[in-house]
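Reading the structure
Each chain, written out:
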Amino acid sequence: MSSQTRPLPATPKMQQRKERRMFSTSDDSAMTKQVQATHAPDGREIDVKPILQIVDEILVRFIARTVEGYEVKQDQDALEMTAALAEFDMLDSLAYVINKISCELSCKCSGGGDAHSSTIVLLNYMSSYAWHAKVVLTLAAFAVIFGEFWLVAQLSAGNTLAKSVALLKQLPDIAENFMSLKPHFEALIRLVKAALDVTMCIVEFKELPSEYISEDTPPMSVASTNIPIASYWVIRSIVACASQIASLIGMRNESISSATEAWELSSLAHKVSSIYEHLKNQLVLCYQYIDDKRHIEAFHNLIRLFETVHVDNMKILRALIYTKDDILPLIDGTTKSRVSLEVLRRKHVLLLISDLDLSQEEILVLDNLYKDARTRDIYYEMVWIPVVDKATWNDVNKQKFEYLQSLMAWYSVCDPFIIEPSAIKYIKEVWNFTKRAILVALDPQGRLSSPNAIHMIWIWGNLAFPFTSEKEESLWKQEIWSLELLVDGIDPTVLEWMTTEGKLVCLYGGEDLEWIEKFTTTALSVAKAGKFQLEMAYVGKSNAKERMQKMITTFTERKFSYFWPNVTSIWFFWTRLESMLYSKLQHGRTVEKDQIMSEVMTVLSFDGSDRGWAIFCSGATEMARAKGDSALICLQDFDKWKDRIEEEGGVVPAMNDYLNKNKPPHHCNRLILPGSTGGIPQKVVCAECGRPMEKYFMYRCCVE
């Protein structure tokens, strides 16, 4: 039985070894040392870019395109570029050098000498120049040779002078022999283009900003090691090309067979192209390294900016949103027109930072608050900064971004990718943005009022302006645990019930229809038997939008009690409760010493149960609460505690007395907290028994 060995996939280290072999195995170390020995730069600087432009114009724009069958026209841009390059002063001093190299190429190649020896001779002649200058000067010299050859060959049919020169050189008639010469020229052009690509790469390495990357930095040091041998192969390729041009002299009346020569040029082109791919990959790594350094520098600059006092907020906003002046970076949500950052100058600014999963409920509530601020003469602006991943960006995401943008009355960035990576890093690392939306508040001088004002916005709305920690603290000092705190800003109907003397109000939630039916029926029967007024309001369940929509339909049909007819109100009720918890956490409160925090956590733990729950309120502050089964049993046992109503001073105190005396011996409470909106409390006590709860991690994905 035969076995077949499968090749292992190439690892990064294997790939590196392969690339090193490309530069070392095929080019033995003796040759590498020989090439290095020719190099003795004297520090002279040459601006090679204009020379490269001329070389590209001759070899690619004109000759290559003619060989490839395109009609070459002198357009206005080309004429203007040629005129500008004519003013390039450095060509005066380099003309002699370029001519000398042309002569060396012509002489060495005409004699049919060894290509390696000819390359070393040229390298020795250019020993005082940097590697990037050596390859550019060699290409320029070849461009002169090929350009002169092409001019004479092209013009010989209609120009007497060109024809005479062609006769003296016995050059073949290109028009007449084009089909037999075409493979020859195509192979030559491929090699020239490959050599040009490598040259451009070497020049790019030279132009990398030294303040961000040095020669001893790993991506650059690898390239620096390979550039000498890459330069050798570029010059050797030019020697081969010059030899091919020289070989056409005296071929006017000869039959031309170029298959062997074309194959040799193609083989060399393949090698030079491989060198180019390696250098290009190294160049990408260098640019990544430079970008990372620039982003880190910009990140630290942002940190310093926030530590500095400014006369207005423009430096901060430009660093966070867009630093240049070439475009209008914002979209005005009202007019849908592009505007500059100037519209935010010396204003309180809320930065709404989110991903593309920002919910319509969040947008709707923020829209109401934003428009309400205008009617109250509360002056702040809001800007949406979406944090997106460029790697996963597609047309669907683009449409989602534009749709969310269309819903907003406030400003938003015109394009998510104008936000610099350094700003995104700051948003994530300093302001702790992960998944859930945050609202960063900045004052008119750009100082940070709050790293996340969204909790106080949800709790108090525009009353929290100017959204500072001090304002939040003062608002908490005015609050007590009450029905008003629970439903403020959501439903005025429930607040009206609260102000009616003698009326009992019940908020209840969950999604167990069997329990809801039993509970509401029993509660109404107890109210009738006890001869007290009872109003009931269903507040649903958190993080269950689709299921709540179905519950709203069911409540509409079965009329269990009063309910909120839209999922936004249900979402806002639970979001405000979570915000109360996180706001308290941000101010260092604990459940043992803060009644509001303790009660909020109790209601949130009720929501984590499989059954329902209920809170009974009388007036502003009298409250009794219980999980579903306990609340239902309490009502069913009304006859056992109804006589305590007068003694305890009301239905709610009597209910509390019963619940405290009849706590279930066994219970299991869960508190589910979103982990991305703020700090997680170190200690959470059970709503039933007061013992510390165990901490678990839960990962949740709800797609409804």
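A quick note: this is a predicted structure, and the numbers were derived from the prediction, not measured.

Once that is clear, we can look at the environment of Thr 308. Here Thr 308 shows up in the loop between helix H11 (259-307) and helix H12 (314-320). Residue Thr 308 is classed as partly exposed on the basis of its relative accessible area of 41%. In this structure the C-alpha to C-alpha distance between Thr 308 and Gly 446, which are 138 residues apart in sequence, comes to 9.6 Å. Among the polar contacts listed, one links the side chain of Thr 308 to the backbone oxygen of Arg 304, at a separation of 2.7 Å.

This part is about the pairing of strand S6 (residues 438-442). In terms of residue burial, S6 counts as a mostly covered element, since five of its five residues are buried. Side chains Ile 438, Val 440 and Leu 442 project from S6 onto one buried face, and the interleaved Leu 439 and Ala 441 project onto a second face that is buried too. Pairing between strand S3 (residues 348-354) and S6: five bridges, direction antiparallel. Paired with Leu 350 across the strands is Ala 441, a residue of S6. For S6 and strand S7 (residues 448-450), the ladder comprises two bridges, and the chain directions are antiparallel. Across the sheet, the residue bridging to Ala 441 is Ser 450, located in S7.

Turning next to the side chain of Lys 503. Note on placement: Lys 503 falls in strand S8 (residues 503-509). For Lys 503, a relative accessible area of 11% puts it in the buried group. A polar contact is formed between the side chain of Lys 503 and the side chain of Glu 535, at a distance of 3.3 Å. Contact partners of Lys 503, with chain neighbours within four places excluded, come to Trp 497, Gln 533, Glu 535, Cys 617, Ser 618 and Gly 619.

On to the confidence of the model for the chain. Residue-level pLDDT values for the chain average 85, and 82% of them are 70 or greater. The low-confidence segment residues 1-27, where pLDDT is below 50, has 20 contacts with residues more than four positions distant or belonging to other chains.

Summarising the element assignment, Gln 533 is placed in strand S9 (residues 533-538). Distance in space between the C-alpha atoms of Gln 533 and Thr 500 is 9.8 Å, their sequence separation being 33 residues. With residues up to four places along the chain from it excluded, the contact list for Gln 533 reads Glu 501, Gly 502, Lys 503 and Leu 504.

This part takes up the nonpolar core. Within the largest apolar cluster, 107 residues are counted, with the highest numbers of intra-cluster contacts made by Tyr 508, Phe 519, Phe 573 and Phe 616. Those residues in contact with Phe 519, other than ones at most four positions away along the chain, are Cys 506, Tyr 508, Met 536, Ala 614, Phe 616, Ala 631, Leu 632 and Leu 635. Core analysis: the second largest hydrophobic core is formed by 80 residues, Val 48, Ile 63, Val 136 and Ala 269 among them.

Now for the pairing of strand S11 (residues 613-618). Of all the six residues making up S11, five are buried; the element is thus mostly covered by neighbouring parts of the structure. Of the pairings in the sheet, the one linking S11 to strand S12 (residues 622-627) comprises six bridges and is antiparallel in character. From the neighbouring strand, Ala 614 faces S12, where its bridge partner is Ala 626. What sits between S11 and S12 in their antiparallel hairpin is a turn of three residues, with Gly 619 showing a positive phi close to 70°.

This model, assessed by the stated rule, comprises 38 salt bridges. Residue Arg 318 is joined to Asp 325 by a salt bridge in which the shortest nitrogen-to-oxygen separation is 2.9 Å. With relative accessibility at 29%, the residue Arg 318 sits in the partly exposed group. When its relative accessible area of 66% is taken as the criterion, Asp 325 is described as exposed. Residue Arg 374 pairs with Glu 381 through a salt bridge whose shortest N-O separation is 3.0 Å. A residue is classified by how much of its surface remains accessible, and Glu 381, at 10% relative accessible area, is buried. If you follow the salt bridges from partner to partner, you end up with Arg 644, Glu 647, Glu 648, Asp 657 and Lys 661 in one network.

Rules of the game
Residues numbered from 1 in each chain as written. Predicted model: local features only at pLDDT ≥ 70, side-chain atom pairs only at ≥ 80, totals over all residues. Heavy atoms only, no water. Helix = DSSP H or I, 4+ residues; strand = E, 2+ residues; numbered from the N terminus. Buried < 20%, exposed > 50% of the residue type's maximum accessible area, 1.4 Å probe, protein only. Polar contact = N/O pair within 3.5 Å; in protein donor to acceptor, adjacent residues only side chain to side chain. Pairing = 2+ DSSP bridges. Contact = heavy atoms within 4.5 Å. pLDDT = per-residue confidence, 0-100. Core = buried A, V, L, I, M, F, W, Y, C linked by side-chain atoms within 4.5 Å. Salt bridge = Lys/Arg side-chain N within 4 Å of Asp/Glu carboxyl O.

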